[in-house]
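Okay, here's what each chain looks like letter by letter:
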Amino acid sequence: MKQRLVDEINKQITYEFYSAFLYLSMASYCAENDLPGFENWFKVQKDEEEFHATRFLTYLHDRNQHAVITGFENPPTEFTSLLDALEKSIEHEKFVTGRINYLMDIAYEEKDYSAVDFLNWFVKEQTEEENSFNIQRGQVKLVGDNGPGLFQLDREAATRVFTPPVIP
Ligand code: FEO
């Protein structure tokens, strides 16, 4: 494997773990603001991100490469509202989509078709991730300051569960 692709995948492991902490921070905000359903929803998202990080890590090992585990900057800890957290989530997911596209660009440039095949799963995953956050943001926007509406959304968010994806 070309070293620059290995280096960028190592960076991606860090970004995915950062994502997990970002969503855990949002879960914590929800817990402190009487939104236990969204606390659950963000914790499930944290599980998704840990799954992503571990997939990248395992892939490097599958290719006999050295994985580098590093720390990362602190995620934000203050949010003005649930909508604010969801807006920040969407911005972050767009950034991650850009990262996956960048990794794919390198894989093609290096003619590393194993990496292209591996990354294809993440290309699809990012479409789902952005869509999932967009739906939540749209619904939270729709209910606005309507307490019973938000209460209902929170109850729905409580039903989200993490199911490790089956990788074809
Ligand atoms: Fe790992 Fe939310 O992208």
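Everything that follows concerns the structure shown earlier in this document.
Before going into details, it helps to say that this report is about the structure given with it. (Residues numbered from 1 in each chain as written. Predicted model: local features only at pLDDT ≥ 70, side-chain atom pairs only at ≥ 80, totals over all residues. Heavy atoms only, no water.)

**Observations regarding the overall build of the protein chain**
- Along its length, the protein chain carries five helices and zero strands.
- Helices (α) and strands (β) of the protein chain occur, in sequence order from the N terminus, as α-α-α-α-α.
- Its C-alpha atoms give the protein chain principal-axis dimensions of about 55 × 30 × 25 Å.
- Looking at the protein chain residue by residue over its 168 residues, the buried ones come to 45%.
- Contacts spanning at least 24 positions in sequence make up 83% of the contacts within the protein chain whose residues lie at least 6 apart.
- Counting every atom, the protein chain has about 9000 Å² of accessible surface; 53% of that belongs to carbon and sulfur. (Helix = DSSP H or I, 4+ residues; strand = E, 2+ residues; numbered from the N terminus. Buried < 20%, exposed > 50% of the residue type's maximum accessible area, 1.4 Å probe, protein only. Contact = heavy atoms within 4.5 Å. Areas by Shrake-Rupley, 256 points an atom, 1.4 Å probe, with all protein chains shown as cover.)

**What to know about the packing of aromatic side chains**
- Counted by the stated rule, this structure contains 15 aromatic pairs.
- Between the aromatic rings of Y18 and F72, the centroid separation amounts to 6.1 Å while the plane-to-plane angle is 90°, which identifies the pairing as edge-to-face. Of the two residues, Y18 is situated in helix α1 (residues 3-32) and F72 in the loop between α2 (36-62) and α3 (82-109); the sequence distance between them amounts to 54 residues.
- Against the face of W121 rests R55, its NZ or CZ located 4.7 Å from the ring centre.
- Sitting over the ring of W41, R160 keeps its end group 4.3 Å from the ring centre. (Phe/Tyr/Trp six-rings, centres within 6.5 Å; stacked < 30°, edge-to-face > 60°. Lys NZ or Arg CZ within 6 Å of the ring centre and 35° of its normal.)

**Here we look at unusual backbone geometry**
- With a phi angle near 60°, D34 is a residue other than glycine that sits in the positive phi range.
- Considering the arrangement of structural elements, one finds D34 in the loop between α1 and α2.
- On the basis of relative accessibility, which here comes to 69%, the residue D34 falls in the exposed class.
- Although it is not a glycine, N64 sits at a positive phi angle of roughly 60°.
- Mapping N64 onto the fold places it in the loop between α2 and α3.

**So, α3**
- Taking 1.5 Å of rise per residue, the 28 residues of α3 would be expected to cover 40 Å, and the 41 Å separating its terminal C-alpha atoms lies within 8% of that figure.
- N-cap assignment for α3: the residue whose side-chain oxygen lies 3.4 Å from the backbone N of L83 is S81.
- Where α3 ends, the next residue or the one after it, K111, has phi of about 50°, a positive value. (Expected span 1.5 Å × (residues − 1). Polar contact = N/O pair within 3.5 Å; in protein donor to acceptor, adjacent residues only side chain to side chain.)

**Here's the deal with the pattern of salt bridges**
- Considering all chains together, one arrives at twelve salt bridges under this definition.
- Salt-bridge contacts for D47 lead to K46; the nearest nitrogen and oxygen are separated by 3.1 Å.
- A salt bridge links E50 to K46; the shortest N-O distance between them is 3.6 Å. Of this pair, E50 and K46 both sit in helix α2, four residues apart, roughly one helical turn.
- Exposure remark for K46: the relative accessible area of 17% places this residue in the buried category. (Salt bridge = Lys/Arg side-chain N within 4 Å of Asp/Glu carboxyl O.)

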